[in-house]
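Observations on the model geometry
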Amino acid sequence: MNKTMGENQDKNTLQEENMTDASEIKKAPKKNTGTLANIQLILLGAIVLVIGFSAYRLYKWNKGTPSDYDPNYQTTDFDIETLDNLIPLAPDKREGYVDDGVTTILCLGDDPFSLERGENGLAEQIAKKTGAAVYNGSFTGTTMAAQFASYNDGYILDAFSFSYVAKSLASGDFDLMKTAATYSYDENFAATTQMLSELDMNNVDMICVMYDGSDYVNKRPCDDPNAPYDEVTYTGALRSGVKAIQDAYPHIRIVVMSHTFCHSIGEDGNFQNGDRVDLGHGTLSHYLQKERDATMDVSVSFIDNFYGSVNEDNYLDYMTDYIHFNDAGRELLAQRFADCLFPAGE
């Protein structure tokens, strides 16, 4: 009987151990399930975070950034870069030259210089702003280029075009100009010719050349690549005249002031924008670029007034009509000349 009771106790103990093992086996999956759930939550959170961040970036991209552009803002600033090309005179050109200590400038050209010779004139304004002694050698109604390949008495203005004046200065022979001046109704032609004939070019330090858009308006050919010194072309006359002065007076620094914006007059009597209308040899900007190229060919300075002074945006403030300047326009041109060649402190 005791043996039977002992066997029963062993059986009970074995059953309890088996039940304990089974219980532990059943509890194990709960631990694994919890870990898996945590991993899933972490992954889900990461996915939500990525989606949220992407959505935020997309929202910002669609929204863009605030612009400073104001469609109602207006400015008078002329932000096109000018085509100035300032070339100092080579030191060897002054060798042997005796400086008299006075800066002397001779102005050659047409209406910008010639129509006003008083204190508001361009030459006079240049003198005021630079402190130089300035001579006005300009002739109204003339052009850079000559009208005819050879001079004839039927068109006396050719005798006062740039290349003719330059060659008279270089040679000292003013007979043609003096004779032609007697046929002019403008008394300044004779007086200016006489002044030029008496001027001692050895004392001249600088020559400023400026013609307005008259060559364009009068339909003078702009350039002949096969004849770069042809005096019936705008750039040929410039090269020819400059070369004559350089050969005779190498000590003189030559500065070319370009034309400004202007109009021409159409057959209907209305203004035609000079930078949009080609009268046969290019627009004003074409003349400008060719003029600049010519100055580089002969190594002289170039001041761009077309973009740098009186332009399409501001010409009403500085012109009296389609091509001529008022006092403010001449003052602006003189200031531009002074700023380029006589900067403050130099």
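That block above? That's the structure.
Attention here is on the structure that accompanies the text. Since the structure is predicted, the reported quantities are computational estimates derived from the model, not experimental observations.

Conventions we followed
- Residues numbered from 1 in each chain as written.
- Predicted model: local features only at pLDDT ≥ 70, side-chain atom pairs only at ≥ 80, totals over all residues.
- Heavy atoms only, no water.
- Salt bridge = Lys/Arg side-chain N within 4 Å of Asp/Glu carboxyl O.
- Helix = DSSP H or I, 4+ residues; strand = E, 2+ residues; numbered from the N terminus.
- Buried < 20%, exposed > 50% of the residue type's maximum accessible area, 1.4 Å probe, protein only.
- 1 Å grid on protein atoms, 1.4 Å probe; cavity = no way out; pocket = protein on both sides within 12 Å on 5 of 7 lines; lining within 4 Å.
- Points joined across faces, edges and corners; volume = space filled by probe spheres on them.
- Nonpolar A, V, L, I, M, F, W, Y, C, P; charged D, E, K, R; others polar.
- Contact = heavy atoms within 4.5 Å.
- Core = buried A, V, L, I, M, F, W, Y, C linked by side-chain atoms within 4.5 Å.
- Axes fitted to C-alpha atoms, helices over the stretch in contact; angles between N-to-C directions.
- Parallel < 35°, antiparallel > 145°, perpendicular 65-115°, else oblique.
- Left-handed = near helix turned anticlockwise from the far one by under 90°.
- Pairing = 2+ DSSP bridges.
- Expected span 1.5 Å × (residues − 1).
- Polar contact = N/O pair within 3.5 Å; in protein donor to acceptor, adjacent residues only side chain to side chain.
- Disulfide = S-S within 2.5 Å.
- Phe/Tyr/Trp six-rings, centres within 6.5 Å; stacked < 30°, edge-to-face > 60°.

Scanning all chains against the criterion turns up 10 salt bridges. The shortest N-O distance in the salt bridge between aspartate 205 and arginine 94 comes to 3.7 Å. Taken together, the residues span a long stretch of sequence, with aspartate 205 in the loop between α6 (187-198) and β3 (206-210) and arginine 94 in the loop between α1 (2-63) and β1 (104-109) at a distance of 111 residues. Residue aspartate 205 is classed as buried on the basis of its relative accessible area, which comes to 12%. Between glutamate 231 and lysine 167 there is a salt bridge, with the nearest N and O atoms lying 2.2 Å from each other. Of this pair, glutamate 231 sits in the loop between α7 (214-217) and α8 (234-248) while lysine 167 sits in helix α4 (residues 162-171), and the two are 64 residues apart along the sequence.

Bringing the layout of surface pockets into the picture now. Rolled over the atoms, a probe with the dimensions of a water molecule shows which regions are left empty. Computed from the structure, the largest pocket encloses a volume of approximately 280 Å³. Lining the largest pocket are 15 residues, with Leu89, Lys93, Gln246, Val298 and Ser299 sitting closest to its centre. Among the residues making up the lining of the largest pocket, the classes are represented as 9 nonpolar, 3 polar and 3 charged. There is about 180 Å³ of room inside the second largest pocket.

The next subject is the side chain of serine 264. Inspection of the secondary structure puts serine 264 in strand β5 (residues 263-265). Not counting residues within four places of it along the chain, the set of residues in contact with serine 264 comprises Tyr216, Val217, Asn270, Phe271, Gln272, Leu279 and Tyr322.

One finds Leu106, Phe162, Met201, Ile207 and Phe337 to be the most contacted residues of the largest nonpolar core, which totals 68 residues. The contact partners of methionine 201, leaving out residues within four places of it in the chain, are Leu106, Leu169, Ile207, Tyr249, His251 and Ile252.

Let us now look at the packing of helix α3 (residues 122-130) against helix α12 (residues 327-341). Two numbers describe how α3 lies on α12: the axes approach to 9 Å, and their chain directions differ by 45°. By the criterion of interaxial angle, the relationship of α3 to α12 is oblique. Of the two possible hands of crossing, α3 and α12 adopt the one that is right-handed. Counted together, Leu122, Gln125, Ile126, Lys129 and Thr130 of α3 and Arg330, Glu331, Leu333, Ala334, Gln335, Phe337 and Ala338 of α12 form the full contact between these two elements.

Here we come to the pairing of strand β4 (residues 253-257). Consecutive side chains of a regular strand alternate in pointing toward one face of the sheet and then the other. Burial within β4 is extensive, with 5 of its 5 residues counted as buried. Here β4 shows no split at all, with Arg253, Val255 and Met257 on one side and Ile254 and Val256 on the other all buried. Note that β3 and β4 share 5 bridges and pair parallel. Across the sheet, residue cysteine 208 finds its bridge partner in β4, namely valine 255. Pairing of β4 with strand β7 (residues 301-303), which is carried by 3 bridges, proceeds in the parallel orientation. Of the residues in β7, the one forming a bridge with valine 255 is serine 301.

For the rest of this paragraph, the subject is α12. With 15 residues, α12 should cover 21 Å at 1.5 Å per step; its first-to-last C-alpha distance of 21 Å lies within 8% of that length. When we look at burial in α12, the residues that qualify are Gly329, Arg330, Leu333, Ala334, Arg336, Phe337, Ala338, Cys340 and Leu341. Put simply, asparagine 326 is the residue that caps the front of α12, since its side-chain oxygen is 3.1 Å from the backbone nitrogen of alanine 328.

In this section: the state of the cysteines. Considering all chains together, one arrives at 0 disulfides under this definition. We note that cysteine 107 lacks a disulfide partner, and the nearest cysteine sulfur, in cysteine 208, lies 5.0 Å from it.

In this description, a pair of aromatic rings is defined by centroid distance and the angle of the planes. As enumerated under the stated definition, the model contains 12 aromatic pairs in all. Between tyrosine 151 and tyrosine 164, the aromatic rings sit 6.2 Å apart at their centres with planes inclined by 55°, giving tilted as the arrangement. Pair noted here: tyrosine 151 is in the loop between β2 (133-136) and α4 and tyrosine 164 is in helix α4, with a separation of 13 residues, a long-range link. Take tyrosine 164: its relative accessible area is 15%, and that puts it in the buried class. Look at tyrosine 234 and tyrosine 287: their rings are 5.3 Å apart centre to centre, the planes differ by 55°, and that puts the pair in the tilted class. Remark: tyrosine 287 occurs in helix α9 (residues 284-297) and tyrosine 234 occurs in helix α8; sequence separation between them is 53 residues. The class for tyrosine 234 is buried, based on a relative accessible area of 2%. Among the aromatic residues, ring-to-ring pairing joins Phe139, Phe160 and Phe189 into one connected group.

In short, geometric facts, not functional conclusions.
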